[in-house]
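Here's the letter readout for the chains.
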Amino acid sequence: MNELTEFDFSKEIDQKAFLGIKEEFPVKAGDMVKSAEAQAWKEHLLKYALENYQEYLYPDPKISPKTQESRDNFVFAMKNFTEKQNQLISDHYEHGVSSEMIDEIMEKLNVRDDQVPTDEEELNKFITRIVLKDLSYQVAFNEREHKKTAFEGFEDDKDFRDVEGIIKKAFSGKLLSRCLTSRVSYNPNEVNVEISGNDFYLPLEKYKDWKAKMPSVADYKYRGESFSSWNADLDHRVSDIYASYPIYIYSFEGEDLAHYEYLKGLPGKEKMRIYKIGTVCHELGHSIYDYLMGREKRSKWEELINMVGYLTHYSKNYASGVCSEKLNYKEEFAEAVRLKTTRPDYLKKSFPDIFEYLDSEFPELKAI
Ligand SMILES: [Zn+2]
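Keep in mind it's a predicted model, so treat the numbers as computed, not measured. (Residues numbered from 1 in each chain as written. Predicted model: local features only at pLDDT ≥ 70, side-chain atom pairs only at ≥ 80, totals over all residues.)

Before we go on, may I ask you to explain the packing of helix H11 (residues 295-308) against helix H15 (residues 352-361) in this structure?
Describing two packed helices takes the angle between their axes plus the distance from one axis to the other. Two numbers describe how H11 lies on H15: the axes approach to 10 Å, and their chain directions differ by 165°. What the angle tells us is that H11 and H15 run roughly antiparallel. Considering only the axes of H11 and H15, their crossing is left-handed. Side by side, H11 and H15 meet where Lys297, Trp301, Leu304 and Val308 of the first sit next to Asp353, Ile354, Tyr357 and Glu361 of the second. Tallied by class, residues from the contact of H11 with H15 come to 5 nonpolar, no polar and 3 charged. (Axes fitted to C-alpha atoms, helices over the stretch in contact; angles between N-to-C directions. Helix = DSSP H or I, 4+ residues; strand = E, 2+ residues; numbered from the N terminus. Parallel < 35°, antiparallel > 145°, perpendicular 65-115°, else oblique. Left-handed = near helix turned anticlockwise from the far one by under 90°. Contact = placed C-beta atoms within 7 Å. Nonpolar A, V, L, I, M, F, W, Y, C, P; charged D, E, K, R; others polar.)

For this particular structure, what's the right way to read the nonpolar core?
A general tendency of soluble globular proteins is for nonpolar side chains to be buried together. Core analysis: the biggest nonpolar cluster contains 65 residues, and Val280, Ile288 and Val337 have the highest contact counts within it. Of all the elements, helix H10 (residues 268-292) adds the most residues to this core, at 9 residues. Every residue in contact with Val280, bar those within four places of it in the chain, is listed here: Val163, Ile167, Val184 and Ile249. Ranked by size, the runner-up nonpolar core spans 5 residues in total, among them Val97, Ile127, Val131 and Leu135. (Core = buried A, V, L, I, M, F, W, Y, C linked by C-beta atoms within 7 Å. Buried ≥ 20, exposed ≤ 12 C-beta atoms within 10 Å, placed from the backbone.)

Mind showing me how you'd approach the pairing of strand S4 (residues 181-187) here?
Moving residue by residue along a regular strand, the side chains alternate between the two faces of the sheet. Bridging between strand S3 (residues 150-152) and S4 involves 3 bridges; their strand directions are parallel. Its bridge partner lying in S4, Phe151 is registered against Val184. Two strands pair when backbone bridges link them, and S4 and strand S8 (residues 245-250) are joined in this way by 6 bridges, in the parallel orientation. Along S8, the bridge assignment pairs Val184 with Ile247. (Pairing = 2+ DSSP bridges.)

Structure, rendered in structure tokens:
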């Protein structure tokens, strides 16, 4: 039994580490088509963008308002948590922290062996950090249970009619709270283009002009952006605590859905609706993976994905673009959540083991 007093819980969390938020964290839902042809255009596209759309480029020299909002959430949560932390610790760990509890937290937070310091003093600091991190999840979750996840900007899009009701039904209020999403914000008049780490947020009309001149820019357009991974970081790069975060959905202009196997058989108009709702489900799927998939669940998941390979055209492209053809288990999971909620029959028929896995691990996930 390791006693609580061995750890210095009274010290404030390292705010400096927290302020070191980096911009490369957002996880995106987009096609990363990088064929040889697209690759060749990439430099040209970026050059053109830097010459013509500099004012829409973030974060340099400005900080994207999206990033800023996420930062603000973290600052608020950090303050809130720091004020409460001593009380929380005495409530939760009154009798010390047993090695079983530490093992449990390590499993939950996906701590890798190489992240655990061997030096005793460093180890104690590390344990303090992960115990606090684990506690902060409860705080963030409790807060979300009292505040609804807001859905904004969907009013004028028929495809998103009653999106809030639909997502609540698909995820359940509880699971949605566990995702820690403060709001899902849709801007159909904004296009997010990212080329080699340069993030452009363009007005739709500007994007259309660009695409008319250079159609391959469509390969760098993203539909969704989530900051959920900021919470999952254990390397001091973002934050030592969990905080609510927003999801952004951008324009679906010009989407070609023809190569999506799972949409086949749906009436034309329904295809786009299912695809759009599915994009929100995909982003929420990232949070489930980041917060609710401990080491054991992940290793089973990886095994399953190794057997079946890519689940969708999107995850295949993502892998070829971002991970040099390697399977990306996170993206596959987000796509699995998309399919389980929006095309469950397709998932059951095409990937029965994946369907079964989600059904048993997250029975809350229902068809929309
Ligand atoms: Zn994704």
